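Summary of the model geometry
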There are 2 protein chains.
Amino acid sequence: MKIGILGSGLMGGKLGRIWAEAGHDVTFSYARDRAKLDRLAGEVGASAGSVAEAIEEADAVLLAVHWSRRADVLEQAGDLAGMVVLNCSLPLNDSDSALVVGTTSSGAEELAKLRPHARWVSCFNTNPSESFYPVFARKGQAPAPQVMTYGDDAGAKEIAFGLIRDVGFEPLDCGGLHNARFIEPFAMATVELAYVQPGGPALTYRFDKLRG
Amino acid sequence: MKIGILGSGLMGGKLGRIWAEAGHDVTFSYARDRAKLDRLAGEVGASAGSVAEAIEEADAVLLAVHWSRRADVLEQAGDLAGMVVLNCSLPLNDSDSALVVGTTSSGAEELAKLRPHARWVSCFNTNPSESFYPVFARKGQAPAPQVMTYGDDAGAKEIAFGLIRDVGFEPLDCGGLHNARFIEPFAMATVELAYVQPGGPALTYRFDKLRG
């Protein structure tokens, strides 16, 4: 699968590396400097390029930029019509301390308004990037930790599910994109759990259903 | 421990029963009709009474009323000064379809403003009541499912932790009460997971931290 990474920081850098290691054709884009993209790409046999190159003929695109960069990266990305876009961006303020879109809407819904013909799937926004490699290293061990995943396009979700499994996670279907208004705030609670509470940042979670 | 249940519906009724079965001295209060309280109490050797009776000399109080009843139940409860209050109420609108307090505040914080001298702990608001008995039936089995628990009073949290363990859950410390603004919205996502997604409503979760 050809995967374009828009935003090659902590989240995008790590996921892109893991997907590359899992055998996908990954193109990194949108970092502060091109040298970082080239280094990332070189380390895992991936490509580095412009946003346009990353999304060209991509089977899936990961949007992993800071909220303040959304207009810029979307302008570079064009209309994204028909593209599968995995989104782990949260609508954070410049100091990353609060959400700037409230529970009457959500970052995911605002993005979908900006690009209504893209096939949005939200995922990985409640998973600290520090968990990715530890999960990948344990891939195949049951029970797998999960990734909350939500969106309105069933086919796009299936594609996201596959990419999530590639990392070693199990996708957790959290319904439609409107649930972003409930899950995005929760991502702030996972920040508390990962970085404030003891035990280190490699937080994982798993939801299960018991029988009576 | 003497425990007062304010609001004896799905949440309060079940938790009160389990705590009674675990050996605590439970008083149910605040149901639509007194007969329901008496029936609940009779089934598990607990007591039924007024809100004032439920909180009198209580070591812990569970607030489990609908948001629309908060003013009424708090008026009956008095100032709650120094009382340990476990709160699983969410600031829901009358149709339970949306939160009426946004991410710039939270139900837990608003309640703490109304009764600033009570020792608030939020918990159980991300756990469907349908999970309580299945968890209780598996009590002692590792790994235990968790209850997100947060508040600003360390001593009150310790008391809540004990009551959570009594049900068979492991308390998950989610930091201070301000995190309510992130966790309360998430409770709406657990509604999706429990009642919309397949597998039944007895949803449980567990957060773990991996090592690199």
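Residues numbered from 1 in each chain as written. Chains lettered and ligands numbered in written order. Predicted model: local features only at pLDDT ≥ 70, side-chain atom pairs only at ≥ 80, totals over all residues. Heavy atoms only, no water.

Chain A goes by Transmembrane reductase oxidoreductase in an unreviewed UniProt entry, where it is assigned to Celeribacter ethanolicus.

Right, let's talk about the overall build of chain A for a bit. Tallying secondary structure elements over chain A gives 8 helices and 9 strands in all. Relative to the 2.2 N^0.38 estimate, which gives 17 Å for 212 residues, the radius of gyration of chain A is 16 Å and therefore close to what a compact globule would have. For chain A, with 212 residues in total, the buried portion stands at 59%. A fraction of 71% describes how many contacts in chain A between residues 6 or more apart in sequence connect residues 24 or more apart. With the model as given, the accessible surface of chain A reaches about 8,400 Å², and the carbon-plus-sulfur share is 50%. Of the side-chain charges in chain A, 20 are positive and 26 negative, and the distance between the mean point of each set is 4 Å. (Helix = DSSP H or I, 4+ residues; strand = E, 2+ residues; numbered from the N terminus. Rg over C-alpha atoms; globule rule 2.2 N^0.38 Å. Buried < 20%, exposed > 50% of the residue type's maximum accessible area, 1.4 Å probe, protein only. Contact = heavy atoms within 4.5 Å. Areas by Shrake-Rupley, 256 points an atom, 1.4 Å probe, with all protein chains shown as cover. Lys, Arg positive; Asp, Glu negative; His and termini not counted. Charge placed at Lys NZ, Arg CZ, Asp CG, Glu CD.)

In many analyses, interface size is given as the accessible surface area lost on bringing the parts together. Every contact between the two is made by 37 residues of chain A and, on the other side, 37 residues of chain B. When chain A packs against chain B, close to 3,200 Å² is buried across both sides, 64% of that on carbon and sulfur atoms. Among the residues chain A hides against chain B, the three largest losses belong to Phe182, Lys209 and Leu210 of chain A. Together they make up 23% of the total. At the junction of chain A with chain B, the criterion picks out 0 salt bridges. Here chain A and chain B share 21 residue pairs in polar contact (both at pLDDT 80 or more) between them. For the side of chain A that touches chain B, the secondary-structure elements that each account for two or more residues are α6 (132-137), β8 (170-173), α8 (180-196) and β9 (203-209) of chain A. (Buried area = accessible area lost by both parts, 1.4 Å probe. Salt bridge = Lys/Arg side-chain N within 4 Å of Asp/Glu carboxyl O. Polar contact = N/O pair within 3.5 Å; in protein donor to acceptor, adjacent residues only side chain to side chain.)

Residues and elements named next belong to chain A. A full pass over the atoms with the stated rule returns 18 aromatic pairs over all chains. Measuring from ring centre to ring centre gives 6.1 Å for Trp19 and Phe124, while their planes differ by 65°; the resulting arrangement is edge-to-face. Residue Trp19 is located in helix α1 (residues 10-21), and its partner Phe124 is located in the loop between β6 (119-122) and α6; the two are separated by 105 residues in the primary sequence. By relative accessible area, which is 0% here, Trp19 ends up buried. (Phe/Tyr/Trp six-rings, centres within 6.5 Å; stacked < 30°, edge-to-face > 60°.)

Residue and element names in this part refer to chain A. Per the stated rule, a full pass over the model turns up 18 salt bridges over all chains. For Arg181, the salt bridge is made with Glu109, and the minimal N-O distance between the two is 2.5 Å. Of this pair, Arg181 sits in helix α8 while Glu109 sits in helix α5 (residues 107-114); the two residues are 72 residues apart in sequence, bridging distant segments of the chain. Judged by its relative accessible area of 22%, Arg181 is partly exposed. Across the pair Arg206 and Asp208 runs a salt bridge, and its minimum N-O distance is 3.0 Å. Taking relative accessible area as the criterion, Asp208 reaches 31% and is therefore assigned partly exposed. Through salt bridges that share partners, Glu170, Arg206 and Asp208 make up one connected network.

Attention shifts here to the sheet that holds β6 of chain A. Residues and elements named next belong to chain A. Taken in spatial order, the 6 strands line up as β3-β2-β1-β4-β5-β6 in an open sheet, and their pairing is parallel. Looking along the sheet, the strands with just one partner apiece sit at the ends: β3 (47-48) and β6. Sheet topology note: the strand β1 (residues 2-6)/strand β2 (residues 25-29) ladder contains 5 bridges and is parallel. By the bridge assignment for β2, Gly4 is matched with Thr27. Set on the sheet, α1 makes contact with β1, β2, β4 (60-63) and β5 (84-87); between it and β2 the angle comes to about 160°. (Pairing = 2+ DSSP bridges. Axes fitted to C-alpha atoms, helices over the stretch in contact; angles between N-to-C directions.)

What follows concerns the UniProt feature "domain: Pyrroline-5-carboxylate reductase catalytic N-terminal" (unreviewed entry) in chain A. Here, UniProt's "domain: Pyrroline-5-carboxylate reductase catalytic N-terminal" (unreviewed entry) annotation points to residues 2-89 of chain A. Span residues 2-89 of chain A is 41% helix and 23% strand, its end C-alpha atoms 21 Å apart. (UniProt positions renumbered as here; feature names shortened; annotations may be inferred.)

The next thing to look at is the environment of Arg211 of chain A. With respect to the helices, strands and loops of the structure, Arg211 of chain A is situated in the segment after β9. Those residues in contact with Arg211 of chain A that lie beyond four places of it in its chain are Pro134 and Arg138 of chain B.

What follows is about the relation of the copies chain A and chain B. Once turned by 180° and shifted 0.0 Å along the axis, chain A lies on chain B with an RMSD of 0.0 Å. In the structure described here, the two chain copies are related by an operation that fits a two-fold rotation axis. (Least-squares fit on C-alpha atoms with pLDDT ≥ 70 in both.)

Another point: helix α5 (residues 107-114) of chain B. One full turn of an α-helix is made of 3.6 residues, so residues set three or four places apart face in the same direction. Every buried residue belonging to α5 of chain B is among Gly107, Ala108, Glu109, Leu111 and Ala112 of chain B, and all of these are buried. On its buried face, α5 of chain B is in contact with β4 (60-63), α4 (70-77), β5 (84-87), β6 (119-122) and α8 (180-196) of chain B.

It is worth spelling out the state of the cysteines at this point. All names here are of chain B. In the structure shown here, the tally under the stated rule is 0 disulfides over all chains. Of all cysteine sulfurs in the structure, the one in Cys88 sits closest to Cys123, which takes part in no disulfide; the separation is 7.1 Å. Taking relative accessible area as the criterion, Cys123 reaches 0% and is therefore assigned buried. (Disulfide = S-S within 2.5 Å.)

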